[in-house]
Every structure is written in C-alpha cells, then in structure tokens.
Amino acid sequence: MSGVPIADHALLSDCHTAALVTRHGSVDWLCCPRFDSPSVFGRLLDDDAGHWSIRPVGPFTATRRYLDQTLVLETTFHTPTGTLAVTDAMAVGPNEHPHGHSLGVGAPHMLVRAVSCRDGEVRMRLRFEPRAEYGLLRPLMTHVPGGLNVRGGPEWLMLSSPMELDCAESTAYGEVTLRVGDELWFALHRSTWGLEPARIWEQDEIADWMTVTVQSWRAWSKLHQNYEGPWRDLVHHSGRVLQGLTFRPSGAIVAAPTTSLPESIGGGRNWDYRFAWVRDASFTMEALWVAACPDEAGDFFTFMTTAAAGAIGPDYPLQIMFGVNGEHDLTERTLPHLRGWRDSAPVRVGNGAWNQHQIDVYGELLGAAHLLADKISEMDDDMRAFLVALADTAVVRCRESDHGIWEVRGEPRHFVYSKVMCWVALDRAIALAERLRAADRVPAWSTARDEIRERVLRDGWSDTAGAFTQYFGSTDLDASCLMMPIVGFLPADDPRMLATIEAVADRLTDERGLVYRYRTEGGVDGLAGDEGTFLLCTFWLAHALAEAGRVNRATEVFERAIAYANDVGLLAEEVDPRTGELLGNFPQAFSHIGLINAAWSITQARHRAAM
Ligand SMILES: OC[C@H]1O[C@H](O[C@H]2O[C@H](CO)[C@@H](O)[C@H](O)[C@H]2O)[C@H](O)[C@@H](O)[C@@H]1O
C-alpha cells in the first residue's frame, strides 16, 4: 500500500510540470510533459505505479532543504560510514530565452539528479521503474552508450547514467560505492514528439543544467520578492511554490500538482487539482502581487481571456476552471487500477466540478484585475471586453443559486460567499470603469452592487447563529464568511463581523484551533464521509483577526497554522484533526496563498498599531 506521509514529499517544478520526491530520495510523482498529463512515476497513488529512488544501501537518517531561494532540493543521507547528498531539480533553463523571459520558458523537460559523497564512503543503490500512463505501461528499456533508452506508449525517455545499470522487467537497478569527493550526475530527459528528441547528456552538461536552474530560481526570487516582515523566508518560499504551480506556456496556474490525495484517509473525497481554477488562480495572482511578483499578471489575464473566449456574457456563465492550455472539457473519470494513497479510492482524473455553476468567480477575477491593473501592460480590446462581460454577467447571475466556493455536489443554494463575490465583481468593475472604457455601465453596476449588499445583510445574517451563515436562511457557519472584511464588504470591526469571526473561532475549529470550512455532518455538501480542517480557512481567521486589530490573536492563529508546514515549508490543503497529519492535494496553492496574505495583513496591522 502506498502510504508515505504526504508531508514527507518535496516539490520540484519546471513551470510545465512537477515532481514529488520523498524524504528517502524517491521520485514518487512525475507527470509528463504537463502538470495534468498521465504520471510516469505514480507510486504516490499505488506501489506499482512507478518511481525512481537513489539512496544508501544500509541504514541512514535523512535531512533536507531547498537550496537558498530555489526549488532545488538537497537531501543529505547520514550513514555510519559517510554522508551522501542527492540534489534534485526539474531543469528550468535560463530565464532569458529567445522565446521569452520568464522562469521556465526554456525548460528542457528534464529531471536532474546529482549524487555526491560529502564524507567517508557510502554504498548507494539506484532503482528506476518508469510506468507510463499512471502505471499501466511497462516500457521497453535498452542500453545505449551513457544510459538507457526507455520507450512505451506516449513516453520516450532517455536516462543519462554514469553508472552501470542492470535491466529486468522494465526496471533498471544498480549499486556503487562512492568515496568522499565522488559525484555522479543523472538526467531523465523526455522527448517532445517530433520536436526535440530526448538524448543522453554528458556529466558536465547535466551539471551545467543544474547550475543554470539554481541561477534562474535565484534571479527570479531576487527580482520578484521584496516582502519584508515577519516570517519573511516562509512568505518568499510560498511565492516560489506558487510560481512553481504556474504553467509557463500559457500563464495558467494549477491548484496543486497532484490528484486524489484524500481529504480523509480511506475516504472518497479525492479530487484532481491539476487544473486552473478561476478562483484559485486569481487568488494566486493576488498573493504573488503581495509577494511582489507582478509581471506574470499579463500572461494570466491573457490566458483567462483566451480560455474563456466566445463563451462569456449574461447568457453564458464563465466556466469555473480550465485545463492548463485553456481546455474546457475536464470530464472526471476514475482509475480503477490504482489503489490510491493509503487505499483512499477512487483515484480520479478530470474534475466533475468543471461545468458547475459557481458565481463567485466573477468577483475573484475582477478582484485580481483591479489589484493588478497597473501591472497588465497591455489591456487590449479583447481583455477589456472580457472584463466588462464578467461584470455584466454578475449583474444577471447574482440572483441565481449556485454550487458555491466549496463546489458542493449537493443542491445549489444562495451561498453568502457567492453573493459577496458578486458584490466584489461589481465594486471592482466600477473602480476599473474608466480603464475598461465602460463609464456608461457604472449606474447599472452600482444599482446591482447595492442590491446585493442589502440582500446579504438581510438574508445572510442569522440571529440564531449570531453570525453570517453559509447560505440565505441557514443557521450553519461557513469559514468563507471570513472573507467579507478581507474583500472590504464590511469593516472587520463591524459588530456583525466581529460576531462572525468569534463564532468561527469558537464553533468551527477543532481541538488544535484549526478551522473547518463548514461542518460536513449529514452530507450537507452532497458527499459521504468527513474531512480535515482547512488550512486556507485557518489563515483567513488570522487575516480577519488582523483586519479587526486583534494582532496578538491573529499571530497566534497564524503560527498555529504554519506549524503544519513540513520540513521544507510545504502545506497540503487540510490537516487530520485526529493525528495532525497533512491531508489533501499537495502542495496546495490555496494554503500558500492564505499564508502570504495573512502574513501581509498581520504586518500591516502591526504597523497600524504602532502608529
Ligand atoms: O468539496 C468537494 C469539492 O472539492 C474540490 O474542490 C476544492 O478544491 C478546489 C481547488 O482548490 C477549490 O477551488 C474549491 O474551493 C474546493 O472546494 C473538488 O475540486 C470538487 O470537484 C469537489 O466537488
């Protein structure tokens, strides 16, 4: 049964796809060539679905870190006879490239692994077991000078290896003793059919790719990250994680690089997050702005304008998520041949929420456009028309019930958060009206915005709950109401808002003080089973407390949440209330977005308090 703790993984990214490496030096997740492609290493979800491990033969303990300001991972194995370091990266190539400037634009589609003996001597073992199409295929492996040629189904890979490898049953393996100063460089290169055949690389060429990758991440970090304040390193690191979830060719941003890591162990709440949600990606853009990495904004809005082209207007609601190249049909299916992480089945690919009706997306997208307006160098006519259409659609759709931010699979409702985000859509469109050349629309947008506000204040509040609630007329709490002060719908120190913040802090938290997004008892979301506490919601609580001037409590809640970051600063979506283990897809953009925004708001609140 696959079951390495989720927190034991570290992320590598080349801004096209991602790999996850375990604490013990095994690449257990890699989808080629895009985030949402089938995996070639899928042991994360099933023992037989492929991996590539490099580790000492005998007993060891392992420590690891990212090289400063990079997503290049260094795992150090301490053994009784010596120390071995394995450095892993998805090569990103130089930032400056004939076809563009951003990180990952010249990525060679290559996983690079360096092994070096730092002390004494260590016998190491390599096992290479590629299994394309989520573990279905056993490839043909043939020896070539300098490595292996690996072919099967959609994959044609070349493994550059300086050590002799034996092959049997589509698995390559070998052992070698390294002495202090010895270094071996490995590269797994993928052919892009018809464009660039994979090849065997010399040792110094692979070393060069590693150097360039380290330099490129550092150059990106230097240029984009100037947040100064508490938790600086974690905020900057979260910015790099979000950048690593960006699909460079289109500007799309995935919610997480994995599928089907469960929201409860053995449960069925397992979803594919390798897509660009309008909501998650808009929040990511805003968080990257806070971490001061604005220049990808143009790419993102161009992606959104293109992906949604021709299908937006009052009669055509905006689709809520897209494939990384803007694909619309993300039909969900299960992969019955995979057991799932710790037997959490089914494993799903695609996402059934793709054609849900969710009206919050207008607010998230216009909110990001408003915040980033100055960074979008070229707002062409198409982009302007698209943003205007979003606001016009919000005017009509705000009256409809929907599936809400949590994408419930039960009946549609009038969710409070959805209405608040329609208010945001119109509020921000009004602020952008001049730039959108839509001043004539302002009266209609203003009327609709004010009506939504009245309705939320009247029907979203419950005297019984003493709080704003999940949907009109309900008494259930929902952590998404914490967004009301964050987006400026009501001031955080408004008595109704303070009451809602306290209600969430008291009644929607577990014994650890982490926040549930809502209560799942009775299948209110149309799904069986329960789930963990939601890290984004815990960061929202910290953020809302900071907005309300409760800086010490905000800090406490924030520090409680970041305590669940793993040893290399990564967060999943949820935390298991029983064990404190990370749950859900990993690393998840939502959690890192929440971290960045909450840190920023606490910093601001401290400045205000000091004045
Ligand atoms: O809770 C059921 C739903 O869970 C997933 O949605 C969650 O992830 C999305 C991506 O991060 C996020 O935008 C949403 O707010 C979350 O609720 C899943 O994608 C849905 O298919 C599922 O119905």
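Residues numbered from 1 in each chain as written. Predicted model: local features only at pLDDT ≥ 70, side-chain atom pairs only at ≥ 80, totals over all residues. Heavy atoms only, no water.

### Details of the overall build of the protein chain
Along its length, the protein chain carries 14 helices and 26 strands. Its C-alpha atoms give the protein chain principal-axis dimensions of about 70 × 50 × 50 Å. Among the 611 residues that make up the protein chain, the fraction classed as buried is 64%. Partitioning the intrachain contacts of the protein chain with sequence separation of at least 6 by distance along the chain shows that 67% fall at a separation of at least 24. Total accessible area on the protein chain stands at roughly 21,700 Å², and carbon and sulfur atoms take up 50% of it. In the protein chain, 55 positive and 81 negative side-chain charges are present, and the distance between their average locations comes to 2 Å. (Helix = DSSP H or I, 4+ residues; strand = E, 2+ residues; numbered from the N terminus. Buried < 20%, exposed > 50% of the residue type's maximum accessible area, 1.4 Å probe, protein only. Contact = heavy atoms within 4.5 Å. Areas by Shrake-Rupley, 256 points an atom, 1.4 Å probe, with all protein chains shown as cover. Lys, Arg positive; Asp, Glu negative; His and termini not counted. Charge placed at Lys NZ, Arg CZ, Asp CG, Glu CD.)

### Topic: the packing of aromatic side chains
Here the structure, examined in full by the defined rule, presents 21 aromatic pairs. Between tryptophan 461 and phenylalanine 468, the aromatic rings sit 5.3 Å apart at their centres with planes inclined by 80°, giving edge-to-face as the arrangement. Since its relative accessible area comes to 22%, tryptophan 461 is described here as partly exposed. One cation-aromatic arrangement involves arginine 453 over phenylalanine 489; the distance from NZ or CZ to the ring centre is 5.5 Å. (Phe/Tyr/Trp six-rings, centres within 6.5 Å; stacked < 30°, edge-to-face > 60°. Lys NZ or Arg CZ within 6 Å of the ring centre and 35° of its normal.)

### Some words on the sheet that holds strand β26 (residues 582-583)
Read from one edge to the other, the open sheet built from three strands follows the order β24-β25-β26, with strand pairing classed as antiparallel. The sheet is open, and its two edges are formed by β24 (533-534) and β26, each paired on a single side. Sheet analysis places β24 next to strand β25 (residues 574-575), joined by two bridges and oriented antiparallel. Bridge pairing in β25 links threonine 533 to valine 575. (Pairing = 2+ DSSP bridges.)

### Considering the pairing of strand β10 (residues 140-144)
Each regular strand carries side chains that alternate between the two faces of the sheet. Pairing between β10 and strand β11 (residues 147-152): five bridges, direction antiparallel. What sits directly across from leucine 140, in β11, is arginine 151. Following β10, the chain reverses through two residues before pairing antiparallel with β11; glycine 146 in that reversal takes a positive phi of roughly 90°.

### So, the site of the ligand
Taken together, the neighbourhood of the ligand is formed by 16 residues, with Asp280, Asn351, Ile405, Arg409 and Arg517 sitting nearest. The side chain of tyrosine 273 places a nitrogen or oxygen atom 2.9 Å from an oxygen atom of the ligand. In this structure, arginine 279 approaches the ligand through a side-chain N or O atom, which is 3.2 Å from an oxygen atom. Protein chains shield 100% of the accessible area of the ligand, which is 480 Å² for the free molecule. Class assignment for the residues of the shell around the ligand results in nine nonpolar, two polar and five charged. (Near = heavy atom within 4 Å. Polar contact = N/O pair within 3.5 Å; in protein donor to acceptor, adjacent residues only side chain to side chain. Nonpolar A, V, L, I, M, F, W, Y, C, P; charged D, E, K, R; others polar.)

### Examining the nonpolar core
One finds Trp52, Met124, Phe128, Trp445 and Phe558 to be the most contacted residues of the largest nonpolar core, which totals 222 residues. The dominant element in this core, judged by the number of residues it contributes, is helix α8 (residues 416-432), at twelve residues. Residues contacting phenylalanine 558, with those up to four places away along its chain left out, are Trp231, Phe539, Ala542, Leu595, Ala598, Ala599 and Ile602. (Core = buried A, V, L, I, M, F, W, Y, C linked by side-chain atoms within 4.5 Å.)

### Observations concerning the packing of helix α5 (residues 297-307) against helix α7 (residues 381-397)
Taken N-terminus to C-terminus, the directions of α5 and α7 make an angle of 70°; their axes are 10 Å apart at the nearest point. The orientation of α5 relative to α7 falls into the category roughly perpendicular. In the crossing of α5 with α7, the sense of the turn from one axis to the other is left-handed. For the pair α5 and α7, contact is made by Gly298, Phe301, Thr302, Met304 and Thr305 and by Asp382, Met383 and Phe386, respectively. (Axes fitted to C-alpha atoms, helices over the stretch in contact; angles between N-to-C directions. Parallel < 35°, antiparallel > 145°, perpendicular 65-115°, else oblique. Left-handed = near helix turned anticlockwise from the far one by under 90°.)

### Comments concerning helix α13 (residues 551-562)
The terminal C-alpha atoms of α13, which comprises twelve residues, lie 16 Å apart, in line with the 16 Å expected from a rise of 1.5 Å per residue. When we look at burial in α13, the residues that qualify are Val551, Ala554, Thr555, Val557, Phe558, Ala561 and Ile562. All buried residues of α13 fall inside an arc of 165° around its axis, so they share one side. Structurally, α13 contributes buried residues whose contacts are with α3 (232-244), α12 (535-547) and α14 (589-610). (Expected span 1.5 Å × (residues − 1). Arc of directions from axis to C-beta.)

### Regarding the side chain of threonine 79
Tracing the chain through its elements places threonine 79 in the loop between β7 (73-78) and β8 (82-90). Within the structure, threonine 79 has its side chain in polar contact with the backbone oxygen of glycine 82 (distance 2.7 Å). Contact partners of threonine 79, with chain neighbours within four places excluded, come to Pro56, Pro59, Phe60 and Val122.

### Digging into the pattern of salt bridges
Note on pairing: side chains with opposite charge can pair once their charged atoms come close. Within this structure, the stated rule accounts for 46 salt bridges. Ionic pairing is found between aspartate 8 and arginine 23, a salt bridge with its closest N-O pair at 3.3 Å. Note that aspartate 8 is positioned in the segment before β1 (9-13) and arginine 23 in the loop between β2 (18-22) and β3 (26-31), a separation of 15 residues in sequence. With relative accessibility at 17%, the residue aspartate 8 sits in the buried group. Exposure remark for arginine 23: the relative accessible area of 25% places this residue in the partly exposed category. (Salt bridge = Lys/Arg side-chain N within 4 Å of Asp/Glu carboxyl O.)

### Concerning the packing of α12 against α13
Contact geometry for α12 and α13: axes closest at 8 Å, N-to-C directions at 160°. Taken together, the axis directions place α12 and α13 in an arrangement best described as roughly antiparallel. The interaxial crossing formed by α12 with α13 has left-handed handedness. Contacts between α12 and α13 pair Leu535, Thr538, Phe539, Leu541, Ala542, Leu545 and Ala546 from the former with Arg553, Ala554, Val557, Phe558, Ala561 and Ile562 from the latter. Considered class by class, the residues forming the contact of α12 with α13 number eleven nonpolar, one polar and one charged.

### So, the confidence of the model for the protein chain
In the predicted model, the protein chain carries a mean pLDDT of 94, and 97% of its residues have values of at least 70. Model confidence for the complex: the whole-complex pTM is 0.96, and ipTM, which rates the interface, is 0.95. (pLDDT = per-residue confidence, 0-100.)

### Considerations on α8
Over its 17 residues, α8 runs 24 Å from end to end, which matches the ideal 24 Å to within 8%, given 1.5 Å per residue. Extensive coverage of α8 is indicated by the burial of 16 of its 17 residues.

### With respect to the pairing of strand β12 (residues 155-160)
Among the six residues in β12, five count as buried, and that is most of the element. Where β11 folds back onto β12 in an antiparallel hairpin, the turn is made up of two residues, including glycine 153, whose phi is positive at roughly 55°. Taken together, the four bridges between β12 and strand β15 (residues 183-190) define a ladder with antiparallel strand orientation. Of the residues in β15, the one forming a bridge with methionine 158 is histidine 189.

### Section: the side chain of aspartate 36
Among the structural elements, aspartate 36 can be located in the loop between β3 and β4 (39-41). Residue classification places aspartate 36 among the buried positions, given a relative accessible area of 16%. There is a polar contact of 2.7 Å between the side chain of aspartate 36 and the side chain of arginine 34. The residues contacting aspartate 36, other than those within four sequence positions of it, are Tyr134, Arg274, Phe275 and Val324.

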